[in-house]
Amino acid sequence: MPASHRRQAAHLRASYTRETVSLAASGIARRGRNSPALCSGLSLDVCTAAQRRLRALLALGMFNHGPTGLWPRQVSLADITRYTLVVSPRHHDLVITARAPYNVTCWLVGRDKLPQIGLPGLRVESSYGDGWRLRHLPTGATMTVTGDHHGRLQGPLDPDSNYSRLWTNDVPVSDEEYAVLNALPHLSIDTETLLAALTVRLCAHAPDGSWDIGMWFHDLTDRPDRGNAHHRRLSVEGEACTLHWDSDPYPEDLQAALTDPVIGLAGASTQPNRDGWLLHYRRTRLAAHPVAYRP
């Protein structure tokens, strides 16, 4: 992609994702890396297979919350969305910039003497003064969490910044973590892509303010909150995904984020059903029910 087109794409992407323009530009695929089947030019869904898997696992963690969630209680990734943050997907990395980066990292990565294990297999690879490079040992995929709005890891390595002693790369994946991962359903490539699309659109909004995902905890368009319980259940069975939620975002906002002609997942389409809508993406479908799950 020529440099001028990349700059234009970066400005357009930033208007939807809340990234800074420089942060968005780092995520725009260069010539030869775009995949027309997945990307309209903004590169939100273009990534390595390892990144796709990591983002799908994050979706399963963040969108299962409350007594009906599918993951064990010690996987509490939904609380990440309580923080003010920006998600910036790149081809080989997933960057999160946050006002409280260490708090976000503490929900993602486990540590000794606590029942909460974060995302199973995720470890601190390196620590900086206000940022952390993370690696998911089962997939090899990386994440970056930083307080820098441009996504940079500032200054020299600083092991002392890991003051809660989060698990690092030299801590092997535990039997408990393997048990959680092995209990997950099989995810096809299409299903992983759809779940990953939910993760990278966590902060998406329309530049004109007509819809806003609001990090799944806040409505930022001055409409009434949909609820305060924030229960979520995301399940997968074969190629069928089902998502229940009882608070923000508004259902039409999530639908817009996934199908918007600029920022949506290319090839995704929706149709209304009895109590929500059904999204089709290749062989995978997502039934979205904006109501609390009742077993």
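Look a little higher up for the structure.
Here goes a summary of the coordinates provided. From a predicted model like this one, the values you see are computed outputs, not experimental measurements.

Turning next to the environment of Ala10. By the element assignment, Ala10 lies in helix α1 (residues 3-17). When its relative accessible area of 1% is taken as the criterion, Ala10 is described as buried. Along the primary structure Ala10 and Ala24 are separated by 14 residues, whereas in three dimensions their C-alpha atoms are 5.2 Å apart. Excluding residues within four positions of it along the chain, Ala10 makes contact with Val21, Ala24, Ala25 and Ile28.

Counting through the fold element by element, Asp248 comes out in the loop between β7 (240-245) and α7 (251-259). Under the relative-accessibility criterion, Asp248 is labelled buried at 1%. Sequence separation of Asp248 and Pro290 is 42 residues, and the distance between their C-alpha atoms is 9.0 Å. Each residue touching Asp248, except ones within four places of it in the same chain, is listed here: Trp216, Phe217, His218, Asp219, Asp225 and Arg226. Polar side-chain contacts of Asp248 include one of 3.5 Å to the backbone nitrogen of Arg226.

Here the focus is the packing of aromatic side chains. Geometry of an aromatic ring pair is reported as the spacing of the ring centres plus the angle between the planes. Scanning the entire structure with this criterion turns up four aromatic pairs. With 4.6 Å between their ring centres and 50 degrees between their planes, Phe63 and Trp216 make a pair best called tilted. Of the two residues, Phe63 sits in the loop between α3 (49-62) and β1 (85-89) while Trp216 sits in the loop between α6 (189-200) and β6 (232-237), which places them 153 residues apart along the sequence. No difference in accessibility class separates Phe63 from Trp216, as the two residues are buried. Between Trp216 and Trp245 the ring centres are 5.5 Å apart and the planes differ by 65 degrees, which places this aromatic pair in the edge-to-face class. Residue Trp216 is found in the loop between α6 and β6, and its partner Trp245 is found in strand β7; the two are separated by 29 residues along the sequence. The ring centre of Tyr250 lies 3.9 Å from the NZ or CZ of Arg223, which sits over that ring. One cation-aromatic arrangement involves Arg233 over Tyr293; the distance from NZ or CZ to the ring centre is 4.1 Å.

A few words on the sheet that holds strand β8 (residues 269-273). Sheets are built from strands paired through backbone hydrogen bonds, the pairs being either parallel or antiparallel. The five strands lie next to each other as β6-β7-β10-β9-β8, forming an open sheet whose pairing is mixed. Among the strands making up the open sheet, the edge pair consists of β6 and β8. Pairwise comparison of adjacent strand axes, ignoring direction, gives a mean angle of 20 degrees for this sheet. Most of the contacts of α6 go to strand β10 (residues 284-289), to which it runs at about 40 degrees, and overall it touches β6, β7, β9 (276-281) and β10. Against the sheet, α7 engages β7, β8, β9 and β10, with an angle of about 10 degrees to β9.

All right, on to the pairing of strand β4 (residues 131-136) then. In terms of strand pairing, strand β3 (residues 122-127) meets β4 through five bridges, oriented antiparallel. Note that in β4 the partner of Val124 across the bridge is Leu134. Between the antiparallel neighbours β3 and β4 lie three residues. With five bridges connecting them, β4 and strand β5 (residues 142-146) associate as antiparallel partners. Bridge pairing in β5 links Trp132 to Val145. Between the antiparallel neighbours β4 and β5 lie five residues, among them Gly140 with a positive phi of about 85 degrees.

Rules behind the numbers
Residues numbered from 1 in each chain as written. Predicted model: local features only at pLDDT ≥ 70, side-chain atom pairs only at ≥ 80, totals over all residues. Heavy atoms only, no water. Helix = DSSP H or I, 4+ residues; strand = E, 2+ residues; numbered from the N terminus. Buried < 20%, exposed > 50% of the residue type's maximum accessible area, 1.4 Å probe, protein only. Contact = heavy atoms within 4.5 Å. Polar contact = N/O pair within 3.5 Å; in protein donor to acceptor, adjacent residues only side chain to side chain. Phe/Tyr/Trp six-rings, centres within 6.5 Å; stacked < 30°, edge-to-face > 60°. Lys NZ or Arg CZ within 6 Å of the ring centre and 35° of its normal. Pairing = 2+ DSSP bridges. Axes fitted to C-alpha atoms, helices over the stretch in contact; angles between N-to-C directions.

By themselves, these are just geometric observations and shouldn't be taken as functional.
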